[in-house]
Amino acid sequence: MNPQANLIFIISLLLGTTITISSNHWIMAWTGLEINTLAILPLISKSHHPRAIEAATKYFLTQSAASALVLFSSMTNAWHTGQWDITQLTHPTSSLILTSAIAMKLGLVPFHFWFPEVLQGSPLTTGLLLSTIMKLPPIALLYMTSHSLNPTLLTTLAILSTALGGWMGFNQTQIRKVLAFSSISHLGWMAIIIIYNPKLTLLNFYLYAMMTATIFLTLNTIKVLKLSTLMTAWTKIPSLNAMLLLTLLSLAGLPPLTGFLPKWLIIQELTKQDMAPAATLISLLSLLSLFFYLRLAYCTTITLPPHTTNHMKQWRTNKSTSIMIAILTTMSVLLLPISPMILTIV
């Protein structure tokens, strides 16, 4: 793609995100979401492969439906209350429609079907944008309307997302699909706590975005898209593979690493809200996604392909890994000891 065109699309993405996050009026928030959708479409379909075109079409149709629902929800609320302010969404029907719209935008169960397919059809860099920046405006809208959302509905969506995100990632061999189901599972954790402590949702999102960015950039550096090629990737940059192992374990939420922090805080907050059964259930369901993280980690560092035919091993490349990956990996692994400082900032 032409660099100038690429730059325009990236700037439009940042503009759309900024407009949605900073707006008070529903029409401005909707405009930002539309700019975002239109800016990401060329980035998804730039390879001109049939799968990429299919992914772009699926993305466009789902996001258009979700945007129409956002508009419908805000108009229903304005009809009943006379308010166009985002924080004044008080009508129960409007809240219900908005929750469905945002679930569709994010890819929460039962509106999750488009997300793995779209991520699979996109390049790794676009997949990174879809998993991080494109999730920020809908989460910001949930954050602003969290006081009037339905707790039972959101808890149900969250538990189903964590369950299905874990279950459906089991048999995948394509790494982008595994990361898509991982994203659905993490969104479940964010959705369950948004009503009780919205700041925790944002903290969870920031840390998730940081760890996902590390994984996508690492995979882009070693040019790996499926598990079978991940098994031989250790010959390219062994040190980077070791870091990828730690980041995957951090994304799984294992205790000494950064990813444990949001899970720990969310379980603590749910227990304070007398939701110990929900906390127990979502913790047990996250063990499902732990299985496929361990599978990825195992393929990253330990295994070789289990056959005896002679084939050329890829020898390590001369490309030095970027400083960005180094910083992100360090933060993805080592932030737990300074969690008191993070909590004072948030």
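As the structure is a computational prediction, the values presented were derived from the model and not from experiment.

Calculation notes
Residues numbered from 1 in each chain as written. Predicted model: local features only at pLDDT ≥ 70, side-chain atom pairs only at ≥ 80, totals over all residues. Heavy atoms only, no water. Helix = DSSP H or I, 4+ residues; strand = E, 2+ residues; numbered from the N terminus. Expected span 1.5 Å × (residues − 1). Buried < 20%, exposed > 50% of the residue type's maximum accessible area, 1.4 Å probe, protein only. Contact = heavy atoms within 4.5 Å. Polar contact = N/O pair within 3.5 Å; in protein donor to acceptor, adjacent residues only side chain to side chain. UniProt positions renumbered as here; feature names shortened; annotations may be inferred. Axes fitted to C-alpha atoms, helices over the stretch in contact; angles between N-to-C directions. Parallel < 35°, antiparallel > 145°, perpendicular 65-115°, else oblique. Left-handed = near helix turned anticlockwise from the far one by under 90°. Core = buried A, V, L, I, M, F, W, Y, C linked by side-chain atoms within 4.5 Å. Domains from an automatic or database assignment. 1 Å grid on protein atoms, 1.4 Å probe; cavity = no way out; pocket = protein on both sides within 12 Å on 5 of 7 lines; lining within 4 Å. Points joined across faces, edges and corners; volume = space filled by probe spheres on them. Salt bridge = Lys/Arg side-chain N within 4 Å of Asp/Glu carboxyl O.

### Observations concerning helix α8 (residues 151-168)
Then comes step 1: Taking 1.5 Å per residue as the helical rise, α8 with its 18 residues ought to reach 26 Å, and the 25 Å between its terminal C-alpha atoms agrees with that figure.
Then comes step 2: All of the buried residues along α8 are Leu 154, Thr 155, Leu 157, Ala 158, Ile 159, Ser 161, Thr 162, Ala 163, Gly 165 and Gly 166.
Then comes step 3: Each element contacted by the buried residues of α8 is listed here: α4 (92-106), α9 (175-193) and α14 (276-301).
Then comes step 4: With a side-chain oxygen lying 3.1 Å from the backbone nitrogen of Thr 152, the N-terminal cap of α8 falls on Asn 150.

### Some remarks on the UniProt feature "domain: NADH:quinone oxidoreductase/Mrp antiporter transmembrane" (unreviewed entry) in the protein chain
Then comes step 1: Within this structure's numbering, the places UniProt gives as "domain: NADH:quinone oxidoreductase/Mrp antiporter transmembrane" (unreviewed entry) are residues 23-288.
Then comes step 2: When the span residues 23-288 is considered, its composition is 74% helix and 0% strand, and the gap between its end C-alpha atoms is 38 Å.

### Some words on the packing of α4 against α8
Then comes step 1: Two elements in contact, α4 and α8, have axes separated by 11 Å at closest approach and are oriented at 20°. Between α4 and α8, the crossing angle belongs to the class labelled roughly parallel. Between α4 and α8 lies a crossing whose hand is right-handed. Only Leu 153, Leu 154 and Leu 157 of α8 make contact with α4, whose side of the interface consists of Leu 96, Thr 99 and Ala 103.

### Comments concerning the nonpolar core
Taken as a class, soluble globular proteins show a tendency for nonpolar side chains to be buried jointly.
Then comes step 1: Counting residues in hydrophobic clusters, the biggest one holds 102 residues, and the most contacted among them are Ile 40, Tyr 59, Leu 130, Ile 192, Leu 219 and Leu 230.
Then comes step 2: For this core, the element with the highest residue contribution is helix α10 (residues 198-222), accounting for 13 residues.
Then comes step 3: Two domains each put at least three residues into this core: domain 1 (1-138) and domain 2 (150-306 + 321-345).
Then comes step 4: Residues in contact with Ile 192, not counting those within four places in the same chain, are Thr 155, Ala 158, Ile 159, Ile 266, Leu 270, Ala 278 and Ile 282.

### Quick look at empty space enclosed by the protein
Then comes step 1: Across all of its chains, the model carries 4 cavities of 30 Å³ or more by this definition.
Then comes step 2: In this structure, the largest cavity occupies an estimated 90 Å³ of space.
Then comes step 3: Every residue lining the largest cavity is listed: Leu 33, Asn 36, Thr 37, Tyr 59, Gln 63, Lys 105, Trp 114, Leu 130, Met 134, Lys 135, Pro 137 and Pro 138.
Then comes step 4: Elements with a contribution of two residues or more to the lining of the largest cavity: α2 (26-44), α3 (50-81) and α7 (136-144).
Then comes step 5: Looking at the lining of the largest cavity element by element, the count peaks at 3 residues for α2.

### Focus: helix α5 (residues 114-121)
Then comes step 1: With 7 of 8 residues buried, α5 is to be regarded as a mostly interior element.
Then comes step 2: What α5 keeps buried is the set Trp 114, Phe 115, Pro 116, Val 118, Leu 119, Gln 120 and Gly 121.

### A few points about the pattern of salt bridges
Then comes step 1: Evaluation of the coordinates by the stated rule reveals 3 salt bridges.
Then comes step 2: Between Lys 58 and Glu 54 there is a salt bridge, with its nearest N and O atoms 2.7 Å apart. Here Lys 58 and its partner Glu 54 are both found in helix α3, 4 residues apart, which amounts to about one turn of the helix.
Then comes step 3: The salt bridge partner of Glu 117 is Lys 58, with a shortest N-O separation of 3.8 Å. Remark: Lys 58 occurs in helix α3 and Glu 117 occurs in helix α5; sequence separation between them is 59 residues.
Then comes step 4: Note on Lys 58: relative accessible area 28%, which makes it partly exposed.
Then comes step 5: When salt bridges with common partners are traced through the structure, they connect Glu 54, Lys 58, Glu 117 and Lys 177 into a single cluster.

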